[in-house]
Amino acid sequence: MEPKKNQHVELKRNSLLYFFMGMFLVLLLIYTALEWKTYDPQVDWDYAKLHVQDELIEEVPITKIELPKPPKIIQAPPVIEIAPDDEDIVETVIESTEPDQDTEIAPIETIEVADEDEPEIVPWVLIEDAPIFPGCENVTDKEEKKICFQNMMQKHIQKNIRYPEIAQEMGLEGRVNVVFTIQKDGTIGDVRMRGPHESLEGEAARIISKLPRMTPGKQRGTAVKVPFSIPITFKLN
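Residues numbered from 1 in each chain as written. Predicted model: local features only at pLDDT ≥ 70, side-chain atom pairs only at ≥ 80, totals over all residues. Heavy atoms only, no water.

Quick look at the overall build of the protein chain now. When helices and strands are tallied, the protein chain shows four helices and five strands. Ordered by position from the N terminus, the helices and strands of the protein chain form the series α-α-α-β-β-α-β-β-β. Burial analysis of the protein chain (237 residues in total) assigns 19% to the buried set. Considering only contacts within the protein chain whose residues lie at least 6 apart along the sequence, 70% involve residues at least 24 apart. By element, 55% of the accessible surface of the protein chain is carried by carbon and sulfur atoms, the whole surface being about 22,000 Å². (Helix = DSSP H or I, 4+ residues; strand = E, 2+ residues; numbered from the N terminus. Buried < 20%, exposed > 50% of the residue type's maximum accessible area, 1.4 Å probe, protein only. Contact = heavy atoms within 4.5 Å. Areas by Shrake-Rupley, 256 points an atom, 1.4 Å probe, with all protein chains shown as cover.)

A few words now on the nonpolar core. Formed by 30 residues in total, the largest nonpolar core has its most connected members in Phe 149, Met 153 and Phe 180. Of all elements in the fold, only α2 (142-160), β1 (174-182), α4 (198-209) and β5 (226-234) reach the threshold of two or more residues within this core. Broken down by element, the residue count for this core peaks at five residues, all from β5. Ignoring sequence-local partners within four residues, the contact set of Phe 180 consists of Met 153, Ile 188, Gly 189, Asp 190, Val 191, Ile 208, Leu 211, Val 226, Pro 227, Phe 228 and Ile 230. (Core = buried A, V, L, I, M, F, W, Y, C linked by side-chain atoms within 4.5 Å.)

Residues annotated by UniProt as "transmembrane region" (unreviewed entry) correspond here to residues 16-34. Secondary structure within residues 16-34 divides into 100% helix and 0% strand; the distance between the first and last C-alpha atoms comes to 27 Å. (UniProt positions renumbered as here; feature names shortened; annotations may be inferred.)

A few words now on the packing of α2 against α4. The geometry of α2 relative to α4 is characterised by a closest axis approach of 10 Å and an angle of 120 degrees between their N-to-C directions. For the element pair α2 / α4, the angle class is oblique. By crossing handedness, the relation of α2 to α4 is classed as right-handed. The segment α2 lies against α4, with Met 153, His 156, Ile 157 and Asn 160 engaging Glu 203, Arg 206, Ile 207 and Ile 208. (Axes fitted to C-alpha atoms, helices over the stretch in contact; angles between N-to-C directions. Parallel < 35°, antiparallel > 145°, perpendicular 65-115°, else oblique. Left-handed = near helix turned anticlockwise from the far one by under 90°.)

In the structure shown here, the tally under the stated rule is five salt bridges. Here Glu 120 ties to Lys 184 by a salt bridge, and the two come within 3.1 Å at their closest N and O atoms. Taken together, the residues Glu 120 in the loop between α1 (15-35) and α2 and Lys 184 in the loop between β1 and β2 (188-194) connect sequence positions 64 residues apart. The exposure class of Glu 120 is partly exposed, given its relative accessible area of 41%. (Salt bridge = Lys/Arg side-chain N within 4 Å of Asp/Glu carboxyl O.)

The side chains of a regular strand alternate, first on one face of the sheet and then on the other. Pairing analysis gives nine bridges linking β1 to β5, with the strands arranged antiparallel. Residue Val 179 lies in a different strand from β5, and its bridge partner there is Ser 229. Where β1 meets β2, five bridges bridge the pair, whose relative direction is antiparallel. In the strand pairing of β2, Val 178 is matched with Met 193. Between the antiparallel neighbours β1 and β2 lie five residues, among them Gly 186 with a positive phi of about 90 degrees. (Pairing = 2+ DSSP bridges.)

So, on to the state of the cysteines. Counted under the stated rule, the structure contains one disulfide. Disulfide partner of Cys 136: Cys 148, at an S-S distance of 1.9 Å. One quick way to see it: the torsion about the S-S bond of Cys 136 and Cys 148 is about -80 degrees, and its sign makes the bridge left-handed. Note that Cys 136 is positioned in the loop between α1 and α2 and Cys 148 in helix α2, a separation of 12 residues in sequence. For Cys 136, a relative accessible area of 1% corresponds to the buried category. (Disulfide = S-S within 2.5 Å.)

As a further point, take a nonpolar patch on the surface. A surface patch of nonpolar side chains, amounting to about 440 Å² of accessible area, comprises Leu 16, Phe 19, Phe 20 and Met 23. Assignment of secondary structure puts Leu 16 in helix α1. Given a relative accessible area of 56%, Leu 16 falls into the exposed group. (Patch = residues over 30% accessible without salt bridge, like charges linked within 9 Å, V, L, I, M, F, W, Y side chains within 5 Å.)

With respect to the helices and strands, the residue Lys 146 is situated in helix α2. There is no salt bridge for the buried Lys 146, and the closest opposite charge comes from Glu 143, which lies 4.4 Å off by N-O distance. At 3.1 Å, the side chain of Lys 146 and the backbone oxygen of Trp 124 are in polar contact. The residues contacting Lys 146, other than those within four sequence positions of it, are Trp 124, Val 125, Ile 127 and Ala 130. (Lys, Arg positive; Asp, Glu negative; His and termini not counted. Polar contact = N/O pair within 3.5 Å; in protein donor to acceptor, adjacent residues only side chain to side chain.)

Laid out in C-alpha cells, this is it:
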C-alpha cells in the first residue's frame, strides 16, 4: 500500500511561480543598480566674502614733449643802392629793307645761281648714263648699253667660274647673290654677297675681283657711284 501525499504540503506544487518571482526580483535589482545615479555634494559659496581682484589695467600717462620754438630769424632790411644816372643813349635807326621806287634792281646776269647737289650714289635703274663695260663703247643707245653691260657680265662669269673642289665633294649647289659698286673712277668696290656656303661665296668674290676697269656711270654729266647686282648660280652636272 502506497503512502498518500498531501497536495497542500507538497513543495513542488508552486515551484514555477516562485522561479518567475525570483527572476523578476533579480532583474528589478539589476535595473535599479544600473539606473542608480549619484551626485557630488554642492557647496554654496558666499561670493560676498570672496575678495576677487579685478583685472588690473594700468593706464600709462601720456607724456607731452614740447619742443622749444626756433628763434625768429631777424632779416636785415635790403640795401637800397642808388643807381647812377643813365648816360645819354644813342638810338639806332633800323632802316627798312623793303624795296621801294628808289631801290636799284641788279641785272639778271650778275645773280649767281647755286649749283644743285648731285647725288653721290645713283641706282642702276635711275642712272642716266650707265657704266660702260669694255667692249660696249660703240653702242650709242642708253638702254642698249645697259643690255650690253649685262651680257658682258654673263660672259665674264662663264669664262672665269671654277667650281670649288670642296663644294663638289660636299655636293653643294645654289645661287650666290652678288652686289658691287662701280666707283667714280671705274673700279669695283663695296662687294657684298650671300650664298649657301662660304666656298661658293669665295668663288663668287674671285670672279668679281677679275672684272676689268670700266667707264663710270654719269648723272647730268657728273661721274657717280652705281651699284649693280647679279646672281651667280652653281650647279653640279
